[in-house]
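Structural characterization, general
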Amino acid sequence: MKCLSVSQPFADLIISGKKTIELRNWNTNFRGEFLIHSPIKIRIDDCTRLKINKKFVTGAIIGKAELYDVKKYNSLKEITLDRKYHFSAKKFQKKTFGFMLKNPRSFRIPIPLKGQLGFFEVEIPKVKNKDIVTDIFDEEYRYQWIGHH
């Protein structure tokens, strides 16, 4: 499955459904569900600016979302108009793309992982013995089932 590293506090804002546009200086043809990785680095200035004071999970996959479209920004004015969707204070240049996100979901149990640049592939280990169910997948399945019934 594809995965994208997003620094905190922005990764938390995505999985909570508050941030629906992720700004990047590169485009992608990818559409679909992807995992959200929170790298070790936390953007302290952005936490202060956004008045977010909490302990973040870092160095792990913390949730997933769906990328359904990419918006090309042609001016700083366009970027500023969408600030309530992307929360960024950076001064982006001419080549700015907004990854349009929906259907975010937080994982109760983060999956430790080292991130990479851009979209990268993550292999989810398969259990060969059908009688063995790992605690993490069993717990996540029960949580999903209880939350939807």
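As a reminder, the structure under discussion sits directly above these lines.
Residues numbered from 1 in each chain as written. Predicted model: local features only at pLDDT ≥ 70, side-chain atom pairs only at ≥ 80, totals over all residues. Heavy atoms only, no water.

**Quick word on the overall build of the protein chain**
Regarding its fold elements, the protein chain presents 5 helices and 6 strands. Starting at the N terminus and ending at the C terminus, the protein chain contains elements arranged as β-α-β-β-α-β-α-α-β-β-α. Across the 149 residues of the protein chain, 38% fall into the buried class. Within the protein chain, residue pairs in contact and separated by at least 24 positions form 84% of the contacts whose partners lie at least 6 positions apart. A total of about 9900 Å² of accessible surface is found on the protein chain, and carbon and sulfur atoms cover 55% of it. (Helix = DSSP H or I, 4+ residues; strand = E, 2+ residues; numbered from the N terminus. Buried < 20%, exposed > 50% of the residue type's maximum accessible area, 1.4 Å probe, protein only. Contact = heavy atoms within 4.5 Å. Areas by Shrake-Rupley, 256 points an atom, 1.4 Å probe, with all protein chains shown as cover.)

**Structural notes on the nonpolar core**
Counting 18 residues, the largest nonpolar core has V6, F34, I36, L67, F99 and F119 as its most contacted members. Those elements that provide at least two residues to this core are helix 1 (10-15), strand 3 (32-38), strand 4 (60-73) and strand 5 (96-112). When residues of this core are assigned to their parent elements, the largest contribution, 5 residues, is made by helix 1. The residues touching L67, leaving out its near neighbours within four places in the chain, are T28, F30, R31, G32, F34, F99, M100, L101 and F119. (Core = buried A, V, L, I, M, F, W, Y, C linked by side-chain atoms within 4.5 Å.)

**Some thoughts on the environment of C47**
Mapped onto the elements of the fold, C47 is located in helix 2 (residues 44-49). Considering only alpha carbons, one finds C47 and Q8, 39 residues apart in sequence, at a separation of 8.1 Å. For C47, the contacting residues outside a window of four places in its chain are P9, I42, I52 and F56.

**Some words on the sheet that holds strand 5**
In spatial order, the strands read 2-5-4-3-1-6; together these 6 strands make up an open sheet with mixed pairing. The open sheet is flanked by strand 2 (21-24) and strand 6 (119-121), the only strands paired with a single partner. The sheet shows a mean angle of 45° between the axes of neighbouring strands, direction not considered. By the bridge criterion, 11 bridges tie strand 4 to strand 5 in an arrangement that is antiparallel. Each bridged residue has a counterpart across the sheet, and for Y73 the counterpart in strand 5 is T96. (Pairing = 2+ DSSP bridges. Axes fitted to C-alpha atoms, helices over the stretch in contact; angles between N-to-C directions.)

**A word on the pairing of strand 5**
Two strands pair when backbone bridges link them, and strand 2 and strand 5 are joined in this way by 4 bridges, in the antiparallel orientation. Bridging across to strand 5, I21 finds its partner in M100.

**Focus: the pattern of salt bridges**
Inspection of the entire model under this criterion finds 8 salt bridges. For E121, the salt bridge goes to K2, with nearest N and O atoms at 2.9 Å. Of the two residues, E121 sits in strand 6 while K2 sits in strand 1 (residues 2-5), which places them 119 residues apart along the sequence. The class of K2 is partly exposed, set by a relative accessible area of 26%. In this structure, the salt-bridge partner of R49 is D46, at a minimum N-O distance of 2.9 Å. Remark: D46 and R49 occur in helix 2; sequence separation between them is 3 residues, near one turn of the helix. The exposure class assigned to D46 is buried, which follows from its relative accessible area of 13%. A cluster of three or more residues bridged by salt bridges with shared partners is formed by K19, E22 and R24. (Salt bridge = Lys/Arg side-chain N within 4 Å of Asp/Glu carboxyl O.)

**Remarks on the side chain of H37**
Relative to the elements of secondary structure, H37 occurs in strand 3. For H37, the side chain forms a polar contact with the side chain of S5, separated by 2.8 Å. (Polar contact = N/O pair within 3.5 Å; in protein donor to acceptor, adjacent residues only side chain to side chain.)

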